[in-house]
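Observations on the three-dimensional arrangement
The lines below spell out each chain.
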Amino acid sequence: KTRDSSLVTRCEIGDSLEEFLTKATSDKGLIRLLVCMGEALRTIAFKVKTASCGGTQCVNSFGDEQLAVDLLANKLLFEALEYSHFCKYACSEEIPELQDMGGPVEGGFSVAFDPLDGSSIVDTNFTVGTIFGVWPGDKLTGVTGRDQVAAAMGIFGPRTTYVLALKDYPGTHEFLLLDEGKWQLVKETTSIGEGKMFSPGNLRATSDNPDYDKLINYYVTEKYTLRYTGGMVPDVNQIIVKEKGIFTNVASPSAKAKLRLLFEVAPLGLLIEKAGGFSSDGHQSVLDKVINNIDERTQVAYGSKKEIIRFEETLYGNS
Ligand code: AHG
Ligand code: MN
Ligand code: MN
Ligand code: MN
């Protein structure tokens, strides 16, 4: 479906999520699915805020059950997808097999999600988040990140935000959860410029990946500002909000790739690229990688164009 561009209404700061979605797409099923996910994110935000983290896991009560917050988030998201009536299959980092959600194949969607990214840093009260990608129809493998019709993250920090990108609408959009429970558009990002800020994941790999070591030394020598929390949701979100920077998570023989292409890397790839940034696995955009299996892992970088060129050249260039 292509939209007649003369019919496109520009969104405005202050729009509600529903107003924004109505302007951005004519697909009622997609709107319903994204609104239902917003409801789940609101509940997860509350559960994360009120979790008790005394023991080894952060838990919250859910009816009669006590559940670790990542499992609780997982459950709420599956329920929201089923309730939307537009989800065919869903799978998550916690349940990495396709679950039939009862929605149609034609006009419906399949959704992959990481219910709580950074679940090991909930106890320290660092920002954590939900990541999800939406694909048309019934396929989550044999497809690429570029096939996504939408991707989003829910961010549970000092503020709760829903950061959303649609394949057919320019920009990446940040919605703030207001006191009355509504999502309001507060920021639109359409370009990512230059700026010396780096977020270096999996530094263990520098011990036996000399090229990654060289890249890190470049940032240090050039006096880049270090901004890394260990949660890729806040670490990648800062690039979208500050409109500059680079996030890297590089592998080596001893420190293998950990981040999942389907649940984490491809959705954040769409969010970054719709914001005007670039992504790479070292050779190509992560959006061009075919997702061969649900649990596939990859190394990744997200950032401005110049930073991604430097990343690829330092890791795989001839210099
Ligand atoms: P998870 O969804 O299992 O909590 O994964 C968190 C990820 C990602 O957010 C972060 O960039 C990476 O793990 C950090 O890994 P290490 O702490 O192992 O370096
Ligand atoms: Mn994760
Ligand atoms: Mn997780
Ligand atoms: Mn996990």
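Note that residues are indexed from 1 along each chain, following the sequence as it is written. Both sets of labels track the order of writing: A upward for chains, 1 upward for ligands. Given that the model is predicted, a residue must reach a pLDDT of at least 70 before its local features are reported, and side-chain atom pairs must reach 80 or more before they are shown or counted; all residues, however, enter totals for whole chains, interfaces and linings. Values reported for side chains reflect all heavy atoms of the structure, with hydrogen atoms and water molecules removed beforehand.

A word on the coordination of the manganese ion (ligand 2). Protein coordination at the manganese ion (ligand 2) comes from Asp 114 (OD), Asp 117 (OD) and Glu 264 (OE), with a distance range of 1.8 to 2.1 Å. Look at where the donors of the manganese ion (ligand 2) fall in the sequence and you get D-x2-D-x146-E. Separation of the manganese ion (ligand 2) from the manganese ion (ligand 3) amounts to 3.7 Å, with Asp 114 serving as a shared donor to the pair. Taken as a pair, Asp 114 in strand S5 (residues 109–117) and Glu 264 in helix H6 (residues 261–274) lie far apart in primary sequence, 150 residues in all. Like Asp 114, the residue Glu 264 is buried in the burial classification. Note that water is not among the atoms used; donors are N, O and S atoms within 2.8 Å of the metal (3.2 Å for Na, K and Ca), so sites may look incomplete. Strands here are runs of E lasting at least two residues and helices are runs of H or I lasting at least four, both read from the DSSP assignment and numbered beginning at the N terminus. Relative accessible area decides the class of each residue, using a 1.4 Å probe on protein chains only: under 20% of the type maximum gives buried, over 50% gives exposed, and in between gives partly exposed.

This paragraph deals with the environment of Leu 226. Note on placement: Leu 226 falls in strand S12 (residues 225–226). In the structure, Leu 226 is positioned 27 residues away from Ser 199 in sequence and 6.2 Å away in space, judged by C-alpha atoms.

Looking now at the packing of helix H5 (residues 232–242) against H6. Between H5 and H6, whose axes approach to 10 Å, the crossing angle comes to 15°. One way to sum up the angle between H5 and H6 is to call them roughly parallel. Where H5 crosses over H6, the two elements pack in a sense that is right-handed. Seen from H5, the contacting residues are Met 232, Val 236, Ile 239 and Ile 240; seen from H6, they are Glu 264, Leu 268, Leu 271 and Ile 272. When the residues that make up the contact of H5 with H6 are grouped by side-chain class, the tally is seven nonpolar, no polar and one charged. To get an axis, fit a line to the C-alpha atoms, keeping to the stretch in contact for a helix; angles then go from 0 to 180 degrees between the N-to-C directions. When an angle is under 35 degrees it counts as roughly parallel; over 145 it counts as roughly antiparallel; between 65 and 115 it counts as roughly perpendicular; any other value is oblique. It is the rotation of the near helix from the far one that decides the hand of a crossing: anticlockwise by less than a right angle makes it left-handed, clockwise makes it right-handed. The contact criterion used is simple: two residues touch if any of their non-hydrogen atoms lie within 4.5 Å. Residue polarity is assigned by list, with Asp, Glu, Lys and Arg as charged and Ala, Val, Leu, Ile, Met, Phe, Trp, Tyr, Cys and Pro as nonpolar; anything else, Gly included, falls into the polar class.

Residues are labelled near a given molecule or strand when at least one of their non-hydrogen atoms is within 4 Å of it. Close to ligand 1 lie 14 residues, the nearest being Asp 117, Gly 118, Arg 204, Met 232 and Lys 258. For the purposes of these results, a polar contact is taken to be a pair of N or O atoms within 3.5 Å, where, inside protein, one atom must be able to donate a hydrogen and its partner to accept one; residues adjacent in sequence count only when each atom of the pair is a side-chain atom. Taking Met 232, its main chain carries an N or O atom lying 2.8 Å from an oxygen atom of ligand 1. In this description, accessible areas are obtained by the Shrake-Rupley approach with a 1.4 Å probe, and a residue is regarded as covered only by the protein chains that are shown. Within the complex, the protein chains bury 80% of what would otherwise be the 480 Å² of accessible surface of ligand 1. For the shell around ligand 1, the element with the highest residue contribution is S5, accounting for three residues.

Taken residue by residue, a regular strand's side chains alternate between the two faces of the sheet. Residues Asn 60 and Phe 62 line the buried face of strand S1 (residues 59–62), whereas the alternating positions Val 59 and Ser 61 sit on a face that is not buried. In short, DSSP must find at least two bridges between two strands for them to pair. By the bridge criterion, four bridges tie S1 to strand S2 (residues 65–68) in an arrangement that is antiparallel. If you follow Val 59 over to S2, its bridge partner there is Ala 68. Connecting the antiparallel pair S1 and S2 is a turn made up of two residues, with Gly 63 showing a positive phi of about 65°.

Attention shifts here to the state of the cysteines. Any two cysteine sulfur atoms within 2.5 Å of one another count as a disulfide. Scanning the model with the defined rule gives one disulfide in all. Each sulfur in the disulfide pair Cys 53 and Cys 58 lies 2.1 Å from the other. Across the S-S bond of Cys 53 and Cys 58 the torsion is about 125°, and the bridge reads as right-handed. Cys 36 forms no disulfide, and the closest cysteine sulfur to it belongs to Cys 87, at a distance of 10 Å.

All right, on to the coordination of the manganese ion (ligand 3) then. Looking at the metal site, the manganese ion (ligand 3) is ligated by Glu 93 (OE), Asp 114 (OD) and Leu 116 (O), spaced 2.3 to 2.6 Å from it. Between consecutive donor residues of the manganese ion (ligand 3), the sequence gaps follow E-x20-D-x1-L.

Turning to the side chain of Asp 117, a few remarks are in order. Mapped onto the fold, Asp 117 is located in strand S5. Although Asp 117 is buried, it forms no salt bridge, and the closest oppositely charged side chain is Arg 260 at an N-O distance of 7.1 Å. Within the structure, Asp 117 has its side chain in polar contact with the backbone nitrogen of Met 232 (distance 3.3 Å). Excluding residues within four positions of it along the chain, Asp 117 makes contact with Val 128, Gly 129, Ile 131, Gly 231, Met 232, Val 233 and Glu 264. Just so you know, the count uses Lys and Arg for positive and Asp and Glu for negative, and it drops His and the chain ends. Whenever a carboxyl oxygen of Asp or Glu lies within 4 Å of a side-chain nitrogen of Lys or Arg, that contact is scored as a salt bridge.

We call a set of buried Ala, Val, Leu, Ile, Met, Phe, Trp, Tyr and Cys residues a nonpolar core when their side-chain atoms join them within 4.5 Å. Phe 20, Leu 34, Val 134 and Tyr 162 are the most contacted members of the largest nonpolar core, which has 52 residues in total. If you tally residues by element for this core, the top one is helix H2 (residues 28–49), at 11 residues. If you look at the next biggest cluster of nonpolar residues, it comprises 35 residues, including Cys 91, Met 153, Ala 275 and Tyr 302.

Helices are assigned an expected span. That span is 1.5 Å times one less than the residue count. Given a rise of 1.5 Å per residue, 12 residues ought to cover 16 Å, and the 16 Å separating the end C-alpha atoms of helix H4 (residues 210–221) matches this to within 8%. In this structure, the buried residues of H4 make contact with strand S11 (197–201), strand S13 (246–249) and helix H7 (305–316). One or two positions beyond H4, positive phi appears at Lys 223, with a value near 60°.

Let us look at unusual backbone geometry. With a phi close to 70°, Asn 125 is a non-glycine residue in the positive phi region. Its location among the elements puts Asn 125 in the loop between S5 and strand S6 (128–136). Unusually for a residue other than glycine, Lys 223 sits at a positive phi of about 60°. By the secondary structure assignment, Lys 223 is in the loop between H4 and S12.

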